[in-house]
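Listed below are the residues making up each chain.
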Amino acid sequence: MHAIILAGGKGERLRPLTADRPKPMVEILGVPVLEYQIRWLKRHGVTGVVISCGYKHEVIQEYFGDGSDWGLQIDYAVEEEPLGRGGGIKNALAKVRVKDPSEEVIATNGDILTSFDLSEAVEAHRKAGAMATVVVVPLISPYGVVDVDESDWIRGFREKPELPYWINGGIYVFSRRIYDLLPDKGDHEDTTFPKLAQEGKLLAYKCRGYWKAIDTMKDLTEAKKELEERMLRAFLGV
């Protein structure tokens, strides 16, 4: 199985940590976010990775090399100009080394920290015969919620509860046939996904395992605490 990782983000909300490195190379407990992700992919059967990069790409290439230290093959798709997420996936997909054109390809945003069972998402994708599967995660309220009854009496408080909605988790399972449907430049969520949804070819895989996007300093602080408390370092093999 092969994977594409989108790792070209400048991470402006994580300055000054990203002044000399792309966002996925920001460290949590001494380990880059991208290394956690590569180890997670390896644990779930991925043997080859293409990293789509641009900003400060040499930092990623010098750190991971050809991937031999991590037990897989790593190639790079360096963007001369920003292609957007959809364009970046298409550009990297052309470099994926596959023997079987029907083989699924995983694609992820490089700033995601997760530990869910990827093989289950791949199996759901196969059974459904989907063109693409989006891993979706529960929307957690950023604020505490006040429970009020019909007479406006407060009955309780809930700290950042799970809301009855799902959001895009930035992790996908693609059929190789999606290549021609991806934009050369732009975002697949604005073009490819709406079309597939209308055609009934876009599956959602509901994930309730550990998942966190690292976008801000607050996310970074929370992730450090969660990794320590949940012992995720050991789980991810770091």
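Residues numbered from 1 in each chain as written. Predicted model: local features only at pLDDT ≥ 70, side-chain atom pairs only at ≥ 80, totals over all residues. Heavy atoms only, no water.

## A few points about the overall build of the chain
Consideration 1: Counting its secondary structure elements, the chain contains seven helices and 13 strands.
Consideration 2: Within the chain, residue pairs in contact and separated by at least 24 positions form 74% of the contacts whose partners lie at least 6 positions apart.
Consideration 3: Charged side chains of the chain number 32 positive and 37 negative; the gap between the two group centres comes to 1 Å. (Helix = DSSP H or I, 4+ residues; strand = E, 2+ residues; numbered from the N terminus. Contact = heavy atoms within 4.5 Å. Lys, Arg positive; Asp, Glu negative; His and termini not counted. Charge placed at Lys NZ, Arg CZ, Asp CG, Glu CD.)

## What about the sheet that holds strand E8 (residues 132-140)?
Consideration 1: Here seven strands make up an open sheet; going across it, the order is E5-E4-E1-E6-E11-E8-E12 and the pairing mixed. Bordering the open sheet on either side are strand E5 (73-78) and strand E12 (202-206), each of which pairs with just one other strand. The average undirected angle you get between the axes of adjacent strands in this sheet is 30°.
Consideration 2: Against the sheet, helix H2 (residues 57-64) contacts strand E4 (48-53) and E5, and its axis sits at roughly 170° relative to E5. (Pairing = 2+ DSSP bridges. Axes fitted to C-alpha atoms, helices over the stretch in contact; angles between N-to-C directions.)

## Here's the deal with the packing of helix H1 (residues 33-43) against H2
Two quantities define a packed helix pair, namely the angle between the helix axes and the distance between the axes.
Consideration 1: At a minimum axis separation of 12 Å, H1 and H2 run at an interaxial angle of 50°. Here H1 is positioned oblique relative to H2, judged by the angle of their axes. Seen from above, H1 lies across H2 with right-handed handedness. Taken together, the residues of H2 that come into contact with H1 (itself represented by Leu34, Glu35 and Ile38) are Ile60, Tyr63 and Phe64.
Consideration 2: The residue makeup of the contact of H1 with H2, split by class, is five nonpolar, no polar and one charged. (Parallel < 35°, antiparallel > 145°, perpendicular 65-115°, else oblique. Left-handed = near helix turned anticlockwise from the far one by under 90°. Nonpolar A, V, L, I, M, F, W, Y, C, P; charged D, E, K, R; others polar.)

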